[in-house]
Amino acid sequence: MNRRIKIDHGLWPEMGHLSQELKKARATAGLTLEQAGQAVGVPPDYIDKLEGGYNNPSIQFLCAYARVLKVPAGDLLPRELLSPVRTREGQALQ
């Protein structure tokens, strides 16, 4: 039996943000799951799992998918991940 395990957004809140942004960007681009998957070369269920928070995409995939969606890859990530560099506890590194 193939069991899907959802990524814990309490431990990894950025994954919840990413899932929401991917779904929003695909809808804005006017693409179905099938169209988006075909454009980036993955099955539509992979896109569905990403949007549902069940998969953790590689940075390579994320950049390729952002090109398909016609958005900067950085727009898909939460701002606090992009600047400044922080520790796991959320403290800014000097």
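Below, the structure is looked at part by part. This one's a predicted model, so the numbers in the text were calculated from it and none came from an experiment. (Residues numbered from 1 in each chain as written. Predicted model: local features only at pLDDT ≥ 70, side-chain atom pairs only at ≥ 80, totals over all residues. Heavy atoms only, no water.)

Quick look at helix α2 (residues 33-40)
The condition that has to hold: The rule is simple: take the accessible area with a 1.4 Å probe, protein chains only, and divide by the maximum for that residue type; under 20% is buried, over 50% is exposed, in between is partly exposed. Comment: elements are numbered from the N terminus, with helices defined as DSSP H or I runs of at least four residues and strands as E runs of at least two. Note: the arc covers the axis-to-C-beta directions of the helix.
Within the sequence span of α2, burial applies to Ala36, Gly37 and Val40. Projected down its long axis, α2 shows its buried positions confined to an angular sector of 95°, all on one face. When the buried face of α2 is taken as reference, the exposed residues oriented beyond 90 degrees from it are Glu34 and Gln38.

A few points about the environment of Glu21
Worth spelling out the cut-off: Residues count as neighbours in contact if any of their non-hydrogen atoms are within 4.5 Å of one another. Polar contact criterion, stated in full: a pair of N or O atoms within 3.5 Å, where within protein one must be able to donate a hydrogen and the other to accept it, and residues adjacent in sequence count only if both atoms are side-chain atoms.
Along the chain, Glu21 falls in helix α1 (residues 13-29). For the pair Glu21 and Pro78, spaced 57 residues apart in sequence, the C-alpha to C-alpha distance is 9.2 Å. If near-sequence neighbours (up to four positions away) are discounted, Glu21 is found in contact with Asp75 and Leu76. Within the local environment of Glu21, its side chain forms a polar contact with the side chain of Lys24, the two groups lying 3.2 Å apart.

Some words on the nonpolar core
Going by this rule: For the purposes of this section, nonpolar cores are sets of buried Ala, Val, Leu, Ile, Met, Phe, Trp, Tyr and Cys residues that join through side-chain atoms within 4.5 Å.
Leu22, Val40, Ile47, Phe61, Tyr65 and Leu76 are the most contacted members of the largest nonpolar core, which totals 15 residues. Among the elements that line this core, the one with the most residues is helix α4 (residues 59-69), at six residues.

Description of unusual backbone geometry
The phi torsion at Lys70 lies on the positive side, around 60°, for a residue other than glycine. Along the chain, Lys70 turns up in the loop between α4 and α5 (79-82).

Considerations on the pattern of salt bridges
Just so we agree on the cut-off: Counted as salt bridges are all cases of a side-chain nitrogen of Lys or Arg within 4 Å of a carboxyl oxygen of Asp or Glu.
For the coordinates displayed, the defined rule picks out three salt bridges. Among the salt bridges present, the one from Glu21 reaches Lys24, with a minimum N-O distance of 3.2 Å. Of this pair, Glu21 and Lys24 both sit in helix α1, three residues apart, which is roughly one turn of that helix. You can call Glu21 buried: its relative accessible area is 16%. Residue Lys24 is classed as partly exposed on the basis of its relative accessible area of 48%. In this structure, the salt-bridge partner of Glu51 is Arg26, at a minimum N-O distance of 2.6 Å. Of this pair, Glu51 sits in helix α3 (residues 44-52) while Arg26 sits in helix α1, and the two are 25 residues apart along the sequence. Just as Glu51 is buried, Arg26 falls in that class too.

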